[in-house]
Amino acid sequence: MSMDAIRCPNGHVKYPTHPRCPECGEEPVETIDLSDRTGEVVTWTESTATPPGVREPNVLAFVEFEVDGTPVRALGQIADNADVETGDEVEPVYADELREPGVGLKPADADQEWDGYRFRLSQ
Amino acid sequence: MDREVAIIGGSMTKFGQRDAWIRELLSQAGEACLEDAGVEPDDVDHVYVSNMASGEFEGQGGIMNAVAHDLGLLPAYSQRIDQTSSSGGAGMYAAWQSIKSGASDMTLLVGGEKMTHKGTGDATDIIASITHPAEYKHGVTLPSFAGMTARHYLEKFDAPRESLAKVAVKNHENGTRNPKAQFQKEITEKKALESPIIADPLRLYDFCPITDGSAALMFCPVEVAEEYADDYAVVSGIGGATDTHVVHERDDPTTMGGVVDSGEEAYEMAGIGPDDIDVAELHDMFTILEFLQMEGLDFAETGEAWKHVEEGRTAIDGDRPINTSGGLKSKGHPLGASGVAQGYEIYEQLVGEAGERQVDAETGLACNVGGFGNCVITTIMEAR
Ligand SMILES: [Zn+2]
């Protein structure tokens, strides 16, 4: 498992991956794994009304990474619903089930991954 | 063919928890609109039905066909329009195109959604299914996006939390003047600020309810409108735009690119600017969205919309009233109906039929937001 972003010939870095760069339309030339980097919390919320199969409460954050000077953001759950603040440094941590597969509207075998990376406060 | 597009009639059902299912809701608004416009079913060339998810909500597809058949519109061209929460605005765009292009001389637009039979969790999941899989797997909901955006806005612009509550108080107050609104009760700022947390820092009263309802508008060329109505409205500008599917990929969480782009397009077509807008319906699915749209449409400087609300400038007796209908917050938000109902409120304001909510207005604007700013339609209407 990795947390793949793309880089296009014009240097744009985007997460998640897309067949073309959303900013300029060029084909990506490189994949960059964000999972071994640290990022910074841009903003966060604690959601107390969650859909079927989702932990309750659910602390979520926008996290900004920097790849060779270019910012790239990701949305993710905060591990253990820990207390976070804007500006905190966090790192991705793998979870094999972010929400229970097949409980909500999407079938378990849908075009949908159920594992991925949460963020935990950097040690 | 350069035609001016007129709106000659409209209707909306009572919004709220309704026993009627989607077919009945749509035909109620459609029938009332035919009557309001004085148009015979035989004269309708095109019918558009704005709806996000009748299949997911109640297992009913083919609803454009149902409306055309039930209202005696056959063999009119019919089409269902889905653009998530902005399906209604997208329907306005399709109806406008149909007249503007000369393809139709009389177009009925009906928008509706039946939602309340689903629990909040299931309804939230249906709406959250519009997100990218990389977002969905984290259990994100649209209210969560609103919470993260609201926190960023308050921190970045040093805006008081109370200003968001004031949006809810204002829109509830307007809703008491709208007999079709889901809620007919005023709320206090204190009550809003003490309501349960849904997506910190946002609380229950920062969110619109889940709603059943339908609304409709009748479109035709201005030359035809003259045969039907003394007072009518024209669509003088309309724009539609799409932003990123993945919300975190936007450069600035407090700027809705789709609002900016669709607004610029609509202003340019109408040949006017934000100062010319007398009254507006904005998509206040969450209180924070009213600020983001006010700024995206240049009603307020970036980071300052909250001051307009604090100063009462957006109140019904302010210099530019916003959401005189009660907005989605108080009127309710039946997804596919909302954009049409926004257009209906502006139409009523322009032809002087808004009753207790009537303001002095020659030009109005409606901004209908799909997803979390993912798709946006901005429409400008002028009185004739
Ligand atoms: Zn690029």
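If you're wondering where the values come from, they're calculated on a predicted model, not measured in any experiment.

Chemist: A description of the packing of helix α4 (residues 87-100) of chain B against helix α15 (residues 335-351) of chain B should follow, citing residues and the corresponding values.
Modeler: Residues and elements named next belong to chain B. Taken N-terminus to C-terminus, the directions of α4 and α15 make an angle of 60°; their axes are 5 Å apart at the nearest point. The pairing of α4 with α15 is recorded here as oblique in orientation. Across the interface between the two elements, Ser87, Gly88, Gly89 and Met92 from α4 touch Gly336, Gly339, Val340 and Gly343 from α15. Class assignment for the residues of the contact of α4 with α15 results in 2 nonpolar, 6 polar and no charged.

Chemist: Help me get a handle on the packing of helix α8 (residues 161-175) of chain B against helix α12 (residues 287-296) of chain B, residues and values and all.
Modeler: All names here are of chain B. Here α8 crosses α12 at 95°, and the two axes come no closer than 8 Å. Taken together, the axes of α8 and α12 are roughly perpendicular relative to one another. Contact residues: Ser163, Leu164, Val167, Ala168, Lys170 and Asn171 in α8; Thr287, Ile288, Glu290 and Phe291 in α12. Of the residues assigned to the contact of α8 with α12, the class counts are 5 nonpolar, 3 polar and 2 charged.

Chemist: Tell me about the interface of chain A and chain B, and please be specific about residues and values.
Modeler: Counting residues at the interface gives 39 residues for chain A and 35 residues for chain B. The contact between chain A and chain B buries some 3,200 Å² in all, and 58% of this surface belongs to carbon and sulfur atoms. Summed over the three residues of chain A that lose the most area to chain B, namely A:Phe62, A:Leu75 and A:Leu105, the buried surface amounts to 19% of that side. Run the count over chain A and chain B and you get 2 salt bridges.

Chemist: Please give an account of the coordination of the zinc ion that cites residues and values.
Modeler: Residues and elements named next belong to chain A. The protein atoms that coordinate the zinc ion are Cys8 (SG), His12 (ND1), Cys21 (SG) and Cys24 (SG), at distances of 2.1 to 2.3 Å. For the zinc ion, the 4 donor atoms in the first shell make angles of 102 to 114° at the metal, a pattern classed as tetrahedral. Taken in chain order, the donor set of the zinc ion reads C-x3-H-x8-C-x2-C. For cysteine 21, a relative accessible area of 3% gives the class buried. Take cysteine 24: its relative accessible area is 31%, and that puts it in the partly exposed class.

Chemist: Which residues make up helix α7 (residues 142-157) of chain B, and what values go with them?
Modeler: Residues and elements named next belong to chain B. For α7, spanning 16 residues, the distance from its first C-alpha to its last is 22 Å, which sits close to the expected 22 Å at 1.5 Å a residue. Extensive coverage of α7 is indicated by the burial of 14 of its 16 residues. Backbone geometry just after α7 places aspartate 158 at a positive phi near 55°.

Chemist: I'd like a description of the UniProt feature "domain: ChsH2 C-terminal OB-fold" (unreviewed entry) in chain A, backed by residues and values.
Modeler: Following the UniProt record, the feature "domain: ChsH2 C-terminal OB-fold" (unreviewed entry) maps to residues 34-93 of chain A here. Along residues 34-93 of chain A, the helical share is 0% and the strand share 53%, with 11 Å between the first and last C-alpha atoms.

Chemist: Explain the pattern of salt bridges to me, using residue names and the numbers behind them.
Modeler: All names here are of chain A. Scanning all chains against the criterion turns up 26 salt bridges over all chains. Notably, a salt bridge pairs glutamate 27 with arginine 20, separated by 3.8 Å at the nearest N-O pair. Via salt bridges that share partners, Arg7, Glu30 and Asp68 belong to a single interconnected network.

Chemist: Would you mind going over the UniProt feature "domain: Thiolase C-terminal" (unreviewed entry) in chain B in detail, with residue names and values included?
Modeler: UniProt marks residues 239-382 of chain B with the feature "domain: Thiolase C-terminal" (unreviewed entry), using the numbering shown here. Between the C-alpha atoms that bound residues 239-382 of chain B the distance is 15 Å, and the span itself is 36% helix and 17% strand.

Procedures and definitions
Residues numbered from 1 in each chain as written. Chains lettered and ligands numbered in written order. Predicted model: local features only at pLDDT ≥ 70, side-chain atom pairs only at ≥ 80, totals over all residues. Heavy atoms only, no water. Axes fitted to C-alpha atoms, helices over the stretch in contact; angles between N-to-C directions. Helix = DSSP H or I, 4+ residues; strand = E, 2+ residues; numbered from the N terminus. Parallel < 35°, antiparallel > 145°, perpendicular 65-115°, else oblique. Contact = heavy atoms within 4.5 Å. Nonpolar A, V, L, I, M, F, W, Y, C, P; charged D, E, K, R; others polar. Buried area = accessible area lost by both parts, 1.4 Å probe. Salt bridge = Lys/Arg side-chain N within 4 Å of Asp/Glu carboxyl O. Donors = N, O, S within 2.8 Å, 3.2 Å for Na, K, Ca; no water. Tetrahedral: all angles 85-135°; square planar, octahedral: opposite > 155°, others 65-115°. Buried < 20%, exposed > 50% of the residue type's maximum accessible area, 1.4 Å probe, protein only. Expected span 1.5 Å × (residues − 1). UniProt positions renumbered as here; feature names shortened; annotations may be inferred.

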